Amino acid sequence: MNNVLRRARELPLLTMMDFIQEKLQSWFYERRTTTEGIFREISNWAEATLEEKIKPAFTFRVLPIDRLKFNVKEGGMEFIVDLDKRTCDCFQFQLDEIPCEHAIAAIDSIYQKKSAFCSAYYSRDFWLKAYEGQVNSIGD
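Analysis parameters
- Residues numbered from 1 in each chain as written.
- Predicted model: local features only at pLDDT ≥ 70, side-chain atom pairs only at ≥ 80, totals over all residues.
- Heavy atoms only, no water.
- Core = buried A, V, L, I, M, F, W, Y, C linked by side-chain atoms within 4.5 Å.
- Buried < 20%, exposed > 50% of the residue type's maximum accessible area, 1.4 Å probe, protein only.
- Helix = DSSP H or I, 4+ residues; strand = E, 2+ residues; numbered from the N terminus.
- Contact = heavy atoms within 4.5 Å.
- Phe/Tyr/Trp six-rings, centres within 6.5 Å; stacked < 30°, edge-to-face > 60°.
- Pairing = 2+ DSSP bridges.
- Axes fitted to C-alpha atoms, helices over the stretch in contact; angles between N-to-C directions.
- Domains from an automatic or database assignment.
- UniProt positions renumbered as here; feature names shortened; annotations may be inferred.
- Disulfide = S-S within 2.5 Å.

Enquirer: Whenever I open this one, the nonpolar core confuses me. Can you help?
Expert: Taken as a class, soluble globular proteins show a tendency for nonpolar side chains to be buried jointly. Counting 24 residues, the largest nonpolar core has V72, V81, L83 and F93 as its most contacted members. The dominant element in this core, judged by the number of residues it contributes, is helix 4 (residues 101-109), at five residues. The residues touching L83, leaving out its near neighbours within four places in the chain, are L68, F70, F93, A103, A106, I107, I110 and F117.

This is how it looks when you write it as structure tokens:
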């Protein structure tokens, strides 16, 4: 936002406020329109992040501990993945709230959808809700 306002800061105050309002209005419209055209369950960014993690996950060995708890072996290291609590010993699953490579390997072993284990904040519905508001001009 600071970079966007670089030139606008030199304008008179009311002109700068109009610039900010117009910029926010266009951003909300563009993002709302983009989101309405998405038919996946999660956002483009979350989908791309999952796709990046899928290939390395195929090299891991997955050993079930119970229905939703797994021991995932990567080289000489072991990670405990708990899909019920959405945790992994690497802490990436908890940090991003998107399945890490180890969790993806575990999810694949039980034939579930990876998107079901992403935080609701990455869902299409939340994305639509974030941009459902409108930024209206004040008028003259």
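Enquirer: Just checking my understanding: could you explain the environment of I98 for this structure?
Expert: Structurally, the position occupied by I98 is in the loop between helix 3 (92-96) and helix 4. Those residues within four positions of I98 in sequence are excluded, and the remaining contacts are W45, A46, T49, L50, K53, Q92, F93, C118 and Y122.

Enquirer: Any chance you could explain the packing of aromatic side chains here in plain terms?
Expert: Where two aromatic rings form a pair, the distance of their centres and the angle of their planes describe that pair. Per the counting criterion, the structure on display carries two aromatic pairs. Ring geometry for Y121 and F126: centres 5.3 Å apart, planes at 85°, overall edge-to-face.

Enquirer: Where do I start with the sheet that holds strand 2 (residues 69-74) in this structure?
Expert: To summarise the sheet geometry, strands pair through backbone hydrogen bonds and adopt either a parallel or an antiparallel arrangement. Across the sheet, which stays open at both edges, the four strands sit in the order 1-2-3-4 with antiparallel pairing between neighbours. Strand pairing shows two members of the sheet lacking a second neighbour, strand 1 (61-66) and strand 4 (87-88), which therefore form its edges. Judged from the five bridges that link them, strand 1 and strand 2 form a sheet pairing that is antiparallel. Directly across from V62, in strand 2, lies its bridge partner V72. Sheet strands touched by helix 4: strand 1, strand 2, strand 3 (77-82) and strand 4. Its angle to strand 2, the strand with the most contacts, is close to 120°.

Enquirer: What am I meant to see in the pairing of strand 3 here?
Expert: For a regular strand, side-chain orientation follows a simple rule: the groups alternate between the two sheet faces. The sheet contact formed by strand 2 and strand 3 spans six bridges and is antiparallel. The residue of strand 3 that forms the bridge with F70 is V81. The loop that links strand 2 with its antiparallel partner strand 3 comprises two residues; one of these, G75, has a positive phi angle of about 60°. Summarising the sheet, strand 3 and strand 4 pair through two bridges and their orientation is antiparallel. Across the sheet, residue V81 finds its bridge partner in strand 4, namely C88. The turn linking strand 3 back onto strand 4 is made up of four residues, and R86 within it adopts a positive phi angle of 55°.

Enquirer: Got a minute to help me understand the domain arrangement of the chain in this structure?
Expert: Frequently, the measure chosen for interface size is the accessible area that the parts lose on association. Looking at the assigned domains, one finds that the chain contains domain 1 (1-37) and domain 2 (44-122). Distance from the C-alpha centre of domain 1 to the C-alpha centre of domain 2: 38 Å.

Enquirer: Explain the UniProt feature "domain: SWIM-type" (unreviewed entry) in the chain to me, please; I cannot follow it from the model alone.
Expert: Residues annotated in UniProt with the feature "domain: SWIM-type" (unreviewed entry) correspond here to residues 79-111. Measuring from the first to the last C-alpha atom of residues 79-111 gives 19 Å, for a span that is 42% helix and 18% strand.

Enquirer: Would you mind going over the state of the cysteines with me for this structure?
Expert: Disulfide: a covalent bond formed between the sulfur atoms of two cysteine residues. One pass over the structure, following the stated rule, counts zero disulfides. Cysteine C90 shares no disulfide, and the gap to the nearest cysteine sulfur, in C88, comes to 3.6 Å. Under the relative-accessibility criterion, C90 is labelled partly exposed at 25%. A disulfide-free cysteine, C100 has its sulfur positioned 3.6 Å from the sulfur of C88, the nearest such atom. Assessed through its relative accessible area of 2%, C100 is described here as buried.

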